[in-house]
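What follows is each chain in one-letter form.
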Amino acid sequence: MPGTRTGAVADPTGRSVQSASLTLVVACVGLVVTVLDSTAVTVALPTIGDQLGGAVSGLQWVVDAYALMFAGLMLSAGSISDRAGASRAFGVGVGLFTLASALCALAPSLALLITARAVQGGAAAVMLPASLALVRQAYADPRARIRAIAYWTASGGVAIAAGPVVGGVLTDALGWQAIFLINVPIGLLGLLGLLQAPRSTPRPAPLDLIGQVAAMLAVSGATFAAIEGGAGSVLAGLVGAAVCVVGAILFVRVERRSPHPAVPLRLFRSVPVTVYVATGFALNFAFYGIVFVLTLFFQNQRGVTPMTAGLMFVPMTGFVMAANLLAGKLTTRFGPRPPMVAGQLVQAAGLLGLVSVSRATPTAVILVLLVPLGIGAGLAVPPLTTALLDAVDAERAGLASGLLNAARQLGGAVGVALSGALVGVGFVAGMRIALGGSAALLLATAAAGAARRTRGRA
């Protein structure tokens with residue numbers, strides 16, 4: 001059959017099953033490396049601090065430089081993917097991510113490492129929507145597409161679960177640089193696989209560059225104020241806060257007047273959309289903020305190795321995957337809101353249970369207390385996406401999904417910034433405040449999600 005490679009079985013569109021499967025693998029690999037770098041690096045932070053220097057604030061920037069670029073550029077990443085074509089955008093993203101990973105591994109100073117991490121985050125923002133678009137394009141049959149997207153989503157869950165362990169093992173065995181170097185051969189293989197994938201057709205898509213810049217100013221200023229202000233620099237905190245306010249005001253003005261805004265503000269007139277975006281922020285705020293703090297607690301306060309610290313997260317991250325599967329069944333049976341709200345309540349209960357942890361707490365007790373965090377996160381996230389998409393018209397689904405992803409990444413960045421600022425004053429006391437504050441935020445969004453006014457469509 002024309003257009004079919006030898007040995008491949010063709011689907012009705014003439015595209016081979018072999019090619020579609022390869023495209024799925026490449027897209028999943030792209031998602032895995034972007035998610036893995038969000039969690040694996042955290043476990044290596046104490047070792048990075050020992051070798052490159054820098055206080056807690058410097059280590060916060062190693063995480064947040066990546067998360068901020070990821071969150072900020074996510075607002076335009078979908079449009080970039082459409083304008084360039086998903087395959088080209090994904091290829092550029094993978095190439096840039098691979099190069100930035102090599103620069104991270106070779107960085108001789110913390111400042112250069114942070115700079116390379118920012119480039120990584122920008123590349124990850126381009127890769128994420130492009131990888132999903134590749135999966136959708138590769139499968140013409142709706143049922144096959146649904147299965148493929150499920151595999152793509154599951155690969156992200158595997159990366160979350162494996163991240164701390166992979167980070168700890170590589171850091172102990174080969175040094176923290178190995179966390180980044182491993183991305184190089186993976187990235188090159190991804191580019192080779194992409195050569196066999198179908199080419200995507202570029203299509204016109206508006207870009208709101210001024211709004212994008214304003215958004216980056218706002219989120220970067222807020223994070224800078226939290227990290228540097230929390231480190232004791234009052235002037236830096238004030239400057240960051242001022243930049244945040246200016247960026248936020250500019251963003252609102254631009255989005256109101258732009259014919260093609262990155263974030264149509266009218267979306268937030270819908271109570272469900274506002275609540276679900278806030279929920280995404282809160283979930284990542286709690287999850288990544290606490291992973292950051294507990295990593296430092298395990299290694300700097302309790303004296304365990306990076307590998308042991310990574311293994312201590314297994315009960316939590318392992319239950320994320322199991323709860324993801326349960327969440328799908330519960331969503332099908334009861335709708336998205338009950339499991340979403342239940343997940344937040346379970347995660348909040350786990351955070352409050354950890355408030356009692358001290359340096360002398362037995363390891364077994366800590367491991368048990370971490371389990372609700374994994375169960376809660378795993379229950380809440382899948383139905384959250386479903387709930388948000390149910391709350392908007394079909395033509396706004398892509399925009400709403402990008403907005404949710406941006407809010408989640410921003411939540412993780414702010415969670416790391418504020419949690420790190422708190423433990424910088426007094427570790428155990430600051431950790432307890434961070435745990436309690438994260439629990440309070442989740443309880444607030446759970447209450448909002450359970451309210452009747454979250455029903456309806458934007």
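Procedures and definitions
Residues numbered from 1 in each chain as written. Predicted model: local features only at pLDDT ≥ 70, side-chain atom pairs only at ≥ 80, totals over all residues. Heavy atoms only, no water. Helix = DSSP H or I, 4+ residues; strand = E, 2+ residues; numbered from the N terminus. Rg over C-alpha atoms; globule rule 2.2 N^0.38 Å. Buried < 20%, exposed > 50% of the residue type's maximum accessible area, 1.4 Å probe, protein only. Contact = heavy atoms within 4.5 Å. Areas by Shrake-Rupley, 256 points an atom, 1.4 Å probe, with all protein chains shown as cover. Lys, Arg positive; Asp, Glu negative; His and termini not counted. Charge placed at Lys NZ, Arg CZ, Asp CG, Glu CD. Patch = residues over 30% accessible without salt bridge, like charges linked within 9 Å, V, L, I, M, F, W, Y side chains within 5 Å. Salt bridge = Lys/Arg side-chain N within 4 Å of Asp/Glu carboxyl O. Expected span 1.5 Å × (residues − 1). Core = buried A, V, L, I, M, F, W, Y, C linked by side-chain atoms within 4.5 Å.

This paragraph deals with the overall build of the protein. Counting secondary structure elements, the protein contains 16 helices and zero strands. Its C-alpha atoms give the protein a radius of gyration of 21 Å, near enough to 23 Å, the size a compact globule of 458 residues would have. C-alpha atoms of the protein, sized along the principal axes, occupy 70 × 50 × 45 Å. Sorting the 458 residues of the protein into buried and exposed places 54% on the buried side. A separation of at least 24 residues holds for 83% of the contacts in the protein among residues at least 6 apart in sequence. Working note: accessible area of the protein is about 18,800 Å², and carbon and sulfur atoms make up 69% of it. Measuring between centres, the 28 positive side-chain charges of the protein sit 8 Å from its 13 negative side-chain charges.

What follows concerns a nonpolar patch on the surface. Judged by side-chain polarity, Ile210, Val213, Leu217, Leu235, Val239, Val243 and Leu250 come together as a nonpolar surface patch covering roughly 590 Å² of accessible area. Every element with two or more residues in the nonpolar patch is listed here: helix 8 (209–230) and helix 9 (234–257). Considering every element that reaches the nonpolar patch, the biggest residue donor is helix 9, with four residues. By secondary structure assignment, the location of leucine 235 is in helix 9.

Moving on, we get to the environment of alanine 159. Relative to the helices and strands, alanine 159 resides in helix 5 (residues 142–174). In sequence terms alanine 159 and serine 38 are 121 residues apart; their C-alpha atoms lie 9.3 Å from each other. Each residue touching alanine 159, except ones within four places of it in the same chain, is listed here: Val32, Val35, Leu36 and Thr39.

Attention now goes to helix 13 (residues 337–354). Along its 18 residues, helix 13 runs 26 Å from first to last C-alpha, staying within 8% of the 26 Å computed at 1.5 Å per residue. Within the sequence span of helix 13, burial applies to Arg337, Pro339, Met340, Val341, Gly343, Gln344, Gln347, Ala348, Gly350, Leu351 and Leu354.

For the rest of this paragraph, the subject is the nonpolar core. Ranked by size, the top nonpolar core spans 132 residues in total, and within it Leu113, Trp152, Leu294 and Phe298 carry the most contacts. No other element matches helix 10 (residues 271–301), which puts 18 residues into this core. Among residues more than four places away in sequence, those in contact with phenylalanine 298 are Gly303, Val304, Ala309, Met312, Phe313, Ile366 and Leu370.

A surface patch of positive charge is lined by Arg253, Arg256, Arg257, Arg266 and Arg269. Here arginine 256 shows up in helix 9. A relative accessible area of 68% means that arginine 256 is categorised as exposed.

Quick look at the environment of methionine 69 now. The residue methionine 69 is located in helix 2 (residues 56–84) in this model. The spacing of methionine 69 and valine 119 is 50 residues in sequence and 7.6 Å in space, taken between C-alpha atoms. With residues near it in sequence (within four places) discarded, methionine 69 still touches Ala118, Gly121, Gly122, Ala125 and Met216.

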